[in-house]
Amino acid sequence: MTPQALIRETTALFQAAGIPDPAWDSALLLAHLTGKPALNLRLDMDTQLDEALLTRFYALRDQRLQRVPLQYLLHQQSFMGHDFYVDSRVLIPRPETELLTELAIAEMQHRRTALDLCCGSGCIGISLALAVPGADIHSADLSPDALAVTRRNAETLGAQITLHQGDLFAAVEGLRFDLIISNPPYIPTEDCRSLQAEVMQEPGMALDGGADGYDFYRRIAQEAPAHLNANGVVLLEVGFDQAEGVAALLRQAGFQETCIHQDLQGIPHM
Ligand code: GLN
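Residues numbered from 1 in each chain as written. Predicted model: local features only at pLDDT ≥ 70, side-chain atom pairs only at ≥ 80, totals over all residues. Heavy atoms only, no water.

(A) Focus on the environment of Ala 12. Turning to its location among the elements, Ala 12 is positioned in helix H1 (residues 3–16). The class of Ala 12 is partly exposed, set by a relative accessible area of 46%. C-alpha separation for the pair Ala 12 and Pro 22, spaced 10 residues apart in sequence, amounts to 7.4 Å. (Helix = DSSP H or I, 4+ residues; strand = E, 2+ residues; numbered from the N terminus. Buried < 20%, exposed > 50% of the residue type's maximum accessible area, 1.4 Å probe, protein only.)

(B) Expanded view of helix H6 (residues 95–107). Over its 13 residues, H6 runs 19 Å from end to end, which matches the ideal 18 Å to within 8%, given 1.5 Å per residue. All of the buried residues in H6 are Thr 97, Leu 100, Thr 101, Ala 104 and Ile 105. For H6, the angular spread of buried residues about the axis comes to 145 degrees, placing them on one side. Here the buried face of H6 lies against strand E1 (77–79), helix H7 (123–131), strand E6 (177–182) and strand E7 (228–236). (Expected span 1.5 Å × (residues − 1). Arc of directions from axis to C-beta. Contact = heavy atoms within 4.5 Å.)

(C) Fine view of the pattern of salt bridges. Scanning all chains against the criterion turns up 13 salt bridges. One salt bridge connects Arg 64 with Asp 25, and the closest N-O pair in it is separated by 2.8 Å. One end of the pair, Arg 64, is in helix H4 (residues 51–65); the other, Asp 25, is in helix H2 (residues 22–34), with 39 residues separating them in the sequence. Of the two residues examined, Arg 64 and Asp 25, each falls in the buried class. Within the structure, one salt-bridge network assembled from shared partners comprises Asp 25, Arg 64, Arg 67 and Glu 198. (Salt bridge = Lys/Arg side-chain N within 4 Å of Asp/Glu carboxyl O.)

(D) Spotlight on the packing of aromatic side chains. For the coordinates displayed, the defined rule picks out 4 aromatic pairs. Centre to centre, the rings of Phe 79 and Phe 84 are 6.1 Å apart; their planes meet at 85 degrees, and the pair counts as edge-to-face. Judged by relative accessible area, which is 0%, Phe 84 ranks as buried. Pairing Tyr 214 with Tyr 217 gives two aromatic rings, centres 6.0 Å apart and planes at 65 degrees, and the pair type is edge-to-face. You'll find Tyr 214 and Tyr 217 in the same group, each marked buried. The structure contains a cluster of three or more aromatic residues connected by ring pairs, namely Tyr 186, Tyr 214 and Tyr 217. (Phe/Tyr/Trp six-rings, centres within 6.5 Å; stacked < 30°, edge-to-face > 60°.)

(E) Structural view of unusual backbone geometry. Phi is positive for His 75, which is not a glycine, with a value near 55 degrees. Classification of His 75 as partly exposed rests on a relative accessible area of 35%.

(F) Structural view of the site of the ligand. As a matter of local geometry, the ligand sits amid Leu 91, Pro 93, Thr 97, Cys 118, Cys 119, Gly 120, Cys 123, Ile 124, Asn 183, Pro 184, Pro 185 and Ala 206. The contact in question runs from an oxygen atom of the ligand to an N or O atom on the side chain of Asn 183, over 2.9 Å. When the ligand is considered free in solution it has 300 Å² of accessible area, and contact with the protein chains removes 97% of it. Of the residues in the shell around the ligand, the class split is 9 nonpolar, 3 polar and no charged. (Near = heavy atom within 4 Å. Polar contact = N/O pair within 3.5 Å; in protein donor to acceptor, adjacent residues only side chain to side chain. Areas by Shrake-Rupley, 256 points an atom, 1.4 Å probe, with all protein chains shown as cover. Nonpolar A, V, L, I, M, F, W, Y, C, P; charged D, E, K, R; others polar.)

(G) Structural view of the environment of Arg 67. Structurally, Arg 67 is set in the loop between H4 and helix H5 (70–74). The exposure class of Arg 67 is buried, given its relative accessible area of 16%. Arg 67 sits 34 residues away from Thr 101 along the chain, and the two C-alpha atoms are 29 Å apart. At 3.4 Å, the side chain of Arg 67 and the backbone oxygen of Ala 17 are in polar contact.

(H) Inspection of the pairing of E6 at higher detail. Most of E6 is tucked away, with 6 of its 6 residues classed as buried. Bridge count between strand E3 (residues 113–117) and E6: 4 bridges; the pairing is parallel. Within E6, the position partnered with Leu 115 by the bridge is Ile 180. The pairing of E6 with E7 spans 5 bridges and is parallel. When the bridges of E7 are listed, Ser 182 appears paired with Leu 236. (Pairing = 2+ DSSP bridges.)

Here it is in structure tokens:
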């Protein structure tokens with residue numbers, strides 16, 4: 001079997017299974033195993049792939065056919081220009097979260113300490129630490145499994161951050177920060193049952209924001225003031241229809257100024 005034939009066969013199988021980018025995923029899976037560029041493989045009609053490699057490829061292909069996200073199979077997602085290790089213990093970092101991180105980098109030019117709540121893969125806090133040398137960055141998550149992934153990414157990428165395990169602010173009792181940032185779970189519980197097949201394989205606890213999706217925002221709005229230094233700021237990613245609701249929660253909790261930023265798809269975030 002040549003790379004081109006294998007990619008063609010796999011593309012047809014992926015397409016029949018309803019996988020969104022069948023040709024792309026086929027080529028990337030093979031690129032992952034061979035270390036060769038995906039484009040070259042798609043054109044390669046000469047090389048004969050050996051049995052051992054085919055066996056490994058078929059095992060990954062079967063998982064992808066079960067709609068395991070490609071990123072979990074490749075153990076990789078790029079975020080803010082860095083390669084993050086990911087597996088099914090953490091949410092796969094999303095491009096819109098890069099925008100949130102960029103806002104945080106700008107805010108940190110004149111601040112020193114930051115807390116990344118619900119850190120998951122660690123993508124926000126680690127990117128912040130790498131972009132703002134000298135900043136004191138703390139990352140917290142309820143899940144010890146997620147923290148293990150954050151630790152691994154921090155080590156691999158050479159970021160100095162402090163990790164905390166616990167339920168939101170319980171993880172950082174008595175500590176105050178200049179900036180608190182979070183991309184918390186915000187999908188209403190009911191909607192978690194009808195997500196894209198790949199998203200359903202991401203950790204439920206990273207997605208489920210309670211009955212109306214606002215559980216974490218309510219708690220963050222209530223508890224953040226006790227963990228902020230004077231002139232502190234909170235940056236939150238929100239779902240596509242949640243910006244006004246979250247702004248209202250923050251104002252009720254005493255935040256004087258709230259500001260909604262649009263993401264690249266024109267979706268308001270805070
Ligand atoms: N902070 C991580 C991210 O943005 C994880 C978020 C989460 O688990 N809800 O990707």
